[in-house]
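Take a look at the letters that make up each chain.
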Amino acid sequence: MSCNGLAKRIVPCLDVKNGETVKGTNFVNLRTAGDPVELGRAYSEAGADELVFLDITASFEGRKTFTDMVSRVAREINIPFTVGGGINALEDVERLLYAGADKVSVNSSAIRNPNLINEIAAKFGSQVCVCAIDARLDEDGWHCYVKGGRERTELGLFDWAMEVADRGAGEILFTSMDHDGVKQGFANEALVEIASRVSIPIIASGGAGTKEHFRDAFIEGKADAALAASVFHFGEIAIPELKDYLRKEGINIR
């Protein structure tokens, strides 16, 4: 099944820490970007296709705050949204879906326990399970990282992407750590390599700085969706203008 005929999606991402949206560069140097519920509503009204909310410090205390926020977001927006951070078991998935999320994103927990992907897909459907992969191009190739990019694993990016697809994930959210927050474009060579190996949609993340970067992720990287944070949070790119630009470039956009 090729996903290339489907309309491409624009996905703002909100990293949430202690109830506030934050944004960093290469996973560090965080700065505040506003209230996640208000931002979510603004993006929904501006024409975003989906939203992603990530609880980046999903400690036990933070979970209640985050779940409450998910409920508030669900009341304010009318587009699908994905939540991630600290999802280690089916109960966590159930809690967030019950709070109003449409999908969940698993990352470190899926690498620790790959069967979690199978379990989520079996119980809630593949469409609920987004597998996030944070990877970096090291001297010995692309490797997956866990714990918010702090710890390298021996898993290769492309092998892991194929495994998560085989296990029933509905989508892959691939973030290139080298490109994150640098605004020099997405990791299109890695994206197109993943696209050649799996049949599920791929969300490109890490590197958006200009409208052209989104175009290139769709055309060169063969991504199905493009995710960005700071260019949207700080008003550098407006979603309606981005969509107009992409349509003029011949891209089928929602």
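Presented here is an overview of the structure given in this document. (Residues numbered from 1 in each chain as written. Predicted model: local features only at pLDDT ≥ 70, side-chain atom pairs only at ≥ 80, totals over all residues. Heavy atoms only, no water.)

1. Some words on the overall build of the chain
So, step 1. Counting its secondary structure elements, the chain contains ten helices and twelve strands.
So, step 2. Compactness check: the chain gives a C-alpha radius of gyration of 17 Å against a globular reference of 18 Å for 254 residues, within 12% of the reference.
So, step 3. Dimensions of the chain, computed from the C-alpha atoms along their principal axes, are close to 45 × 40 × 35 Å.
So, step 4. Relative to all contacts within the chain whose residues are 6 or more apart in sequence, the contacts with residues 24 or more apart total 66%.
So, step 5. Carbon together with sulfur atoms contributes 48% to the accessible area of the chain, which is approximately 10,900 Å² in total.
So, step 6. Averaging the locations of the 28 positively and 38 negatively charged side chains of the chain gives two centres separated by 3 Å. (Helix = DSSP H or I, 4+ residues; strand = E, 2+ residues; numbered from the N terminus. Rg over C-alpha atoms; globule rule 2.2 N^0.38 Å. Contact = heavy atoms within 4.5 Å. Areas by Shrake-Rupley, 256 points an atom, 1.4 Å probe, with all protein chains shown as cover. Lys, Arg positive; Asp, Glu negative; His and termini not counted. Charge placed at Lys NZ, Arg CZ, Asp CG, Glu CD.)

2. So, the packing of aromatic side chains
So, step 1. In the structure shown here, the tally under the stated rule is five aromatic pairs.
So, step 2. Pairing F214 with F232 gives two aromatic rings, centres 5.9 Å apart and planes at 35 degrees, and the pair type is tilted. You can see F214 sitting in helix α8 (residues 211–219) and its partner F232 sitting in helix α9 (residues 230–233), a full 18 residues away along the chain.
So, step 3. Assessed through its relative accessible area of 0%, F214 is described here as buried.
So, step 4. You can call F232 buried: its relative accessible area is 5%.
So, step 5. An aromatic cluster of at least three residues, connected via ring pairs, comprises Y43, F186, F214 and F232.
So, step 6. Cation over ring: R136 sits above Y145, and NZ or CZ is 5.4 Å from the ring centre. (Phe/Tyr/Trp six-rings, centres within 6.5 Å; stacked < 30°, edge-to-face > 60°. Buried < 20%, exposed > 50% of the residue type's maximum accessible area, 1.4 Å probe, protein only. Lys NZ or Arg CZ within 6 Å of the ring centre and 35° of its normal.)

3. So, the nonpolar core
So, step 1. With 72 residues, the main nonpolar core has F53, I120, F174, F214 and F232 as its most contacted residues.
So, step 2. Setting aside anything within four residues of it in sequence, one finds F53 in contact with L14, V16, P36, G40, F66, M69, V73, F81, T82, V83 and G84.
So, step 3. Core analysis: the next-biggest nonpolar cluster, separate from the first, contains nine residues, V11, V52, L173 and A225 among them. (Core = buried A, V, L, I, M, F, W, Y, C linked by side-chain atoms within 4.5 Å.)

4. Regarding the environment of A101
So, step 1. With respect to the helices and strands, the residue A101 is situated in the loop between α3 (90–99) and β6 (103–106).
So, step 2. When its relative accessible area of 8% is taken as the criterion, A101 is described as buried.
So, step 3. Between the C-alpha atom of A101 and that of E171, which follows or precedes it by 70 residues, the distance is 16 Å.
So, step 4. With sequence-adjacent residues up to four places away left out, A101 is seen in contact with V70, F81, V83 and L96.

5. Here's the deal with unusual backbone geometry
So, step 1. The phi dihedral of N18 is positive, around 50 degrees, even though this residue is not glycine.
So, step 2. With respect to the helices and strands, N18 occurs in the loop between β1 (9–17) and β2 (20–25).
So, step 3. Relative accessible area serves as the criterion here: at 65%, N18 is assigned to the exposed category.

6. Considering helix α6 (residues 157–167)
So, step 1. When α6 is considered as a whole, its buried residues turn out to be L157, F158, W160, A161 and V164. Projected down its long axis, α6 carries its buried residues within an arc of 165 degrees, all on one side. Exposed residues pointing more than 90 degrees away from the buried face of α6 are listed as D159 and D166.
So, step 2. Following α6 by one or two positions, G168 adopts a phi angle in the positive range, close to 115 degrees. (Arc of directions from axis to C-beta.)

7. Some words on helix α7 (residues 188–197)
So, step 1. Those residues of α7 that fall on the buried side of the exposure criterion are N188, A190, L191 and I194. End-on, the buried residues of α7 take up no more than an arc of 160 degrees, which puts them together on one face. Of the residues in α7, the exposed ones pointing more than 90 degrees away from the buried face are E189 and S196.
So, step 2. Packing partners of the buried residues in α7 comprise β8 (141–146), α6, β10 (171–176), β11 (202–205) and α8.

8. Side note on the side chain of T153
So, step 1. Within the element layout of this structure, T153 appears in strand β9 (residues 151–156).
So, step 2. Within the structure, the side chain of T153 is placed 2.8 Å from the backbone oxygen of C144, a separation counted as a polar contact.
So, step 3. Here L155 takes part through its backbone nitrogen, which lies 3.1 Å from a polar atom of the side chain of T153.
So, step 4. With sequence-adjacent residues up to four places away left out, T153 is seen in contact with I111, H143, C144 and V146. (Polar contact = N/O pair within 3.5 Å; in protein donor to acceptor, adjacent residues only side chain to side chain.)

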